[in-house]
Amino acid sequence: MNLYFNTTLDTKTKFDIIKAVGFDEFFTGIYDQKETMKFYEQMDYAKRIGLNCTMVHCSYYEPKLNAFWLAGQDGEDVMNGYINQINQCGQYTKNFVVHLNGSYESTVSEIGLERLKKMLKACEKYDLNLCVENLYSAVEIPYIFTHIKHPLLKICYDSGHNNVFTPGFELCKEYGQYVSVLHLHENDGTKDEHKTLTVGSPIFNRLKNDLQYIDSSVV
């Protein structure tokens, strides 16, 4: 369950609700300005009530994300921001999820690959999976996994993003072996709505087929 599903409740109450309805795992981001508990306080409280943090989602500024693949300070800032977050969360979780593009205009490059290698080096200190989330690009994940072979390089599969941004990309079929975490949500194919999955919907039916390509221990 996503901890930041609600921005009106205090953080402790959200944890208590997640626990009370029967979840044993949660994910969150490093969004101290939006929560009533600091990140390390969240991790401490979750542990005390028996919740495991399965992943931490990156904090990002979307207009700068495409710069990750380009020469210049903006791209360095994106990389360094992620490395700082890796150092904050690495001891608390097994998976760190990153966004590497923010629009359809994203490109790929050796510059971005070198930045990814530096991020993976930071992850090695914690045995932390670096999970690239599928977004606007159907080129990015094939490019990354063709050029970088690293045991901590993984994928965060987002069902809603696949449906609305890259509907023809058979990500799970082609790269399911690298999927470490899942973001499962619904949309109508025209916008990223983040609705609850509905039995019988196109996304739900596609997932029934796609999940066969993912390690069952992830699901």
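Now for a description of the structure that goes with this document.

What counts, and at which threshold
- Residues numbered from 1 in each chain as written.
- Predicted model: local features only at pLDDT ≥ 70, side-chain atom pairs only at ≥ 80, totals over all residues.
- Heavy atoms only, no water.
- Pairing = 2+ DSSP bridges.
- Helix = DSSP H or I, 4+ residues; strand = E, 2+ residues; numbered from the N terminus.
- Axes fitted to C-alpha atoms, helices over the stretch in contact; angles between N-to-C directions.
- Contact = heavy atoms within 4.5 Å.
- Disulfide = S-S within 2.5 Å.
- Buried < 20%, exposed > 50% of the residue type's maximum accessible area, 1.4 Å probe, protein only.
- Parallel < 35°, antiparallel > 145°, perpendicular 65-115°, else oblique.
- Left-handed = near helix turned anticlockwise from the far one by under 90°.
- Nonpolar A, V, L, I, M, F, W, Y, C, P; charged D, E, K, R; others polar.

It is worth spelling out the sheet that holds strand β4 (residues 129-133) at this point. Paired through their backbone hydrogen bonds, the strands of a sheet run either parallel or antiparallel. In spatial order, the strands read β1-β2-β3-β4-β5-β6; together these 6 strands make up an open sheet with parallel pairing. Edge positions in the sheet fall to β1 (25-29) and β6 (179-183), since each of these pairs with one other strand and no more. The sheet shows a mean angle of 30° between the axes of neighbouring strands, direction not considered. Contacting β1 and β2 (52-57), helix α2 (residues 39-48) crosses the sheet at an angle of about 175° to β1.

This part covers the state of the cysteines. Applying the stated criterion to the full structure yields 0 disulfides. In this structure cysteine 156 is not part of a disulfide, and its nearest cysteine sulfur, from cysteine 131, lies 6.6 Å away. Residue cysteine 156 is classed as buried on the basis of its relative accessible area of 0%. Cysteine 156 provides the cysteine sulfur closest to cysteine 172, a residue in no disulfide bond, and the two sulfurs are 11 Å apart.

The next point concerns the packing of helix α1 (residues 11-20) against α2. Interaxial distance between α1 and α2 falls to 11 Å at its minimum, and their mutual angle equals 30°. Classified by the angle between their axes, α1 and α2 sit roughly parallel to one another. Taken as a pair, α1 and α2 cross one another with a handedness that is right-handed. Counted together, Thr11, Lys12, Phe15 and Asp16 of α1 and Gln42, Tyr45 and Ala46 of α2 form the full contact between these two elements.

Next up on the list: the packing of helix α4 (residues 110-124) against helix α5 (residues 140-147). Where α4 meets α5, the axes come as close as 11 Å, and the angle between the chain directions of the two elements is 65°. As for the relative orientation of α4 and α5, their crossing is right-handed in sense. Residues Glu110, Leu113 and Leu116 of α4 form the contact with α5, whose own contacting residues are Tyr143, Ile144 and His147. Each residue belonging to the contact of α4 with α5 can be placed in one class, and the counts come to 4 nonpolar, 1 polar and 1 charged.

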